[in-house]
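A closer look at the structure
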Amino acid sequence: MDARSLRLFLALADSLHFGRTSREQHVSPSALSRIIRQLEDTLGTPLFLRDNRSVTLTREGLRFREYAAGVLRDWDTLQQELRQDGDTLRGELSLYCSVTASYSFLYDILSRFRHDHPRIELKLHTGDPAQAVERVREAREDIAIGARPDSLPAGIAFQPIARSDLRFIGPLDTLALSDEQVRQPSPENWRDVPMILSEEGLARTRIERWLRRHGIRPRIYAQVSGNEAIVSMVSLGFGIGVVPQIVLDSSPLAGHIRSYDIEPPLAPYDIGLFALEKRLKEPLVRAFWERRAEG
Ligand SMILES: CC(=O)[C@](C)(O)C(=O)O
């Protein structure tokens with residue numbers, strides 16, 4: 001079991017797509033299949049279930065993913081320590097965030113970091129920030145950006161980077177909410193308001209709490225993963241939604257959206273970095289966590 005096989009396994013476990021993994025990892029499809037089969041033979045159990053259309057991890061595959069990620073981290077750390085030029089940090093660091101966070105924060109966070117640690121290879125994955133904590137907890141990512149949950153799970157470290165208001169939004173060119181509905185949200189006048197909500201995460205929890213407090217049973221038109229997608233659906237007139245202001249600020253669709261001042265406002269979002277506490281001692285994670293500020 002060499003480091004390369006483990007890296008290929010992890011890439012496939014992430015993409016769940018043989019073709020894509022073989023392209024991205026510069027390995028032929030047949031070599032990829034062979035390497036995975038060898039791992040499975042060595043372990044004596046299937047790591048993936050494959051049928052014609054999809055690939056999924058087996059339970060054993062999930063366990064092996066944790067093991068493989070741990071081995072590679074230890075390997076990188078060891079190599080690091082044994083190297084002569086021990087000051088230069090090397091290895092891979094994966095970072096997960098939303099597309100919005102990649103526009104809004106990465107430039108500041110990474111330009112200095114790249115300069116200080118040119119040999120650290122950053123792997124950037126984008127997606128729904130609602131999954132930030134989970135991905136870090138499952139060791140699928142080293143660092144993730146997302147909104148701080150009201151109570152931080154044990155073992156997860158958080159470092160704030162920005163605060164953003166949560167806003168109710170509607171389409172600009174159709175009247176999704178009347179003045180009356182904005183001023184006095186009630187079960188009666190909001191009964192037929194179609195809503196586009198996050199599938200999961202803090203925004204979902206916050207909006208559900210708000211709806212409950214007003215006694216409103218939402219008519220959920222769609223459940224979406226990722227705040228950028230909520231803005232798209234709302235701009236098309238499918239309903240009203242709730243997103244952090246920062247997502248609107250960098251949205252190409254901001255001109256097709258209005259936001260509503262509904263009182264009392266939803267509690268703001270604290271956006272920041274997540275990492276596993278016990279991993280903050282690892283050199284690469286620590287370098288990122290304690291990076292120098294820009295300027
Ligand atoms: C939570 C977070 O990462 C953002 C930037 O607010 C978002 O994408 O919604």
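As shown above, the structure is provided for reference.
Below you will find a few notes about this structure. Every value quoted in this text rests on a predicted model; they were computed, and no experiment measured them. (Residues numbered from 1 in each chain as written. Predicted model: local features only at pLDDT ≥ 70, side-chain atom pairs only at ≥ 80, totals over all residues. Heavy atoms only, no water.)

**Brief notes about the environment of L106**
Examined against the element boundaries, L106 turns out to sit in helix α6 (residues 106-116). A residue is classified by how much of its surface remains accessible, and L106, at 6% relative accessible area, is buried. Here the alpha-carbon distance between L106 and I145, two residues 39 residues apart in the chain, equals 10.0 Å. Residues contacting L106, with those up to four places away along its chain left out, are L95, C97, A101, S111, L124 and I145. (Helix = DSSP H or I, 4+ residues; strand = E, 2+ residues; numbered from the N terminus. Buried < 20%, exposed > 50% of the residue type's maximum accessible area, 1.4 Å probe, protein only. Contact = heavy atoms within 4.5 Å.)

**Some details on the site of the ligand**
As a structural note, the neighbourhood of the ligand is formed by S98, T100, P129, G146, A147, N227, P244, I246, V247, Y269 and I271. With respect to the ligand, the side chain of S98 contributes an N or O atom lying 2.5 Å from an oxygen atom. When the ligand sits alone it has 260 Å² of accessible area, and the protein chains cover 99% of it. Listing elements by their share of the shell around the ligand, those giving two or more residues are β5 (143-147), α11 (245-249) and β12 (269-276). For the shell around the ligand, the residue count by class is 7 nonpolar, 4 polar and no charged. (Near = heavy atom within 4 Å. Polar contact = N/O pair within 3.5 Å; in protein donor to acceptor, adjacent residues only side chain to side chain. Areas by Shrake-Rupley, 256 points an atom, 1.4 Å probe, with all protein chains shown as cover. Nonpolar A, V, L, I, M, F, W, Y, C, P; charged D, E, K, R; others polar.)

**A few points about the sheet that holds β12**
Backbone hydrogen bonds are what pair the strands of a sheet, in a parallel or an antiparallel way. Judged by pairing direction, the sheet is mixed, and its 5 strands sit side by side in the order β4-β3-β5-β12-β6 without closing on themselves. Here the strands that pair on one side only, and so sit at the sheet edges, are β4 (120-126) and β6 (156-164). Between one strand and the next, the sheet's axes are offset by a mean angle of 20 degrees, whatever the strand orientation. In this structure, strand β3 (residues 91-97) lies alongside β4, joined through 7 bridges in parallel fashion. The residue bridging Y96 from the neighbouring strand is H125, located in β4. (Pairing = 2+ DSSP bridges. Axes fitted to C-alpha atoms, helices over the stretch in contact; angles between N-to-C directions.)

**Overview of the side chain of R135**
Relative to the assigned elements, R135 resides in helix α7 (residues 132-137). For R135, a relative accessible area of 14% translates into the label buried. Here E141 takes part through its side chain, which lies 3.2 Å from a polar atom of the side chain of R135. Not counting residues up to four positions away in its chain, the partners in contact with R135 are D14, Y96, R140 and E141.

**Brief notes about unusual backbone geometry**
Here the amide bond leading from E263 into P264 is cis, since omega sits at -10 degrees, within 30 degrees of zero. With respect to the secondary-structure elements, P264 resides in the loop between β11 (257-260) and β12. We note that L16 has phi near 50 degrees; this positive angle belongs to a residue other than glycine. Phi angles above zero are rare outside glycine, and A139 is one such case at about 60 degrees. Positionally, A139 belongs in the loop between α7 and β5.

**Focus on the pairing of β5**
The element β5 is largely enclosed, with a buried count of 5 among its 5 residues. Of the pairings in the sheet, the one linking β3 to β5 comprises 2 bridges and is parallel in character. Directly across from Y96, in β5, lies its bridge partner A144. One ladder, built from 4 bridges, connects β5 with β12; its direction is antiparallel. From the neighbouring strand, A144 faces β12, where its bridge partner is F274.

**Overview of the nonpolar core**
Among the nonpolar cores identified, the biggest contains 56 residues, and F168, W190, W210 and F288 are the most heavily contacted of them. A domain-level breakdown of this core finds at least three residues from each of domain 2 (90-162 + 269-295) and domain 3 (166-267). Apart from the residues within four sequence positions on either side, W210 is in contact with F168, P185, W190, I216, I262, P264 and L266. Counting residues in each nonpolar core, the second largest holds 19 residues, with F9, I36, F48 and F64 among its members. (Core = buried A, V, L, I, M, F, W, Y, C linked by side-chain atoms within 4.5 Å. Domains from an automatic or database assignment.)

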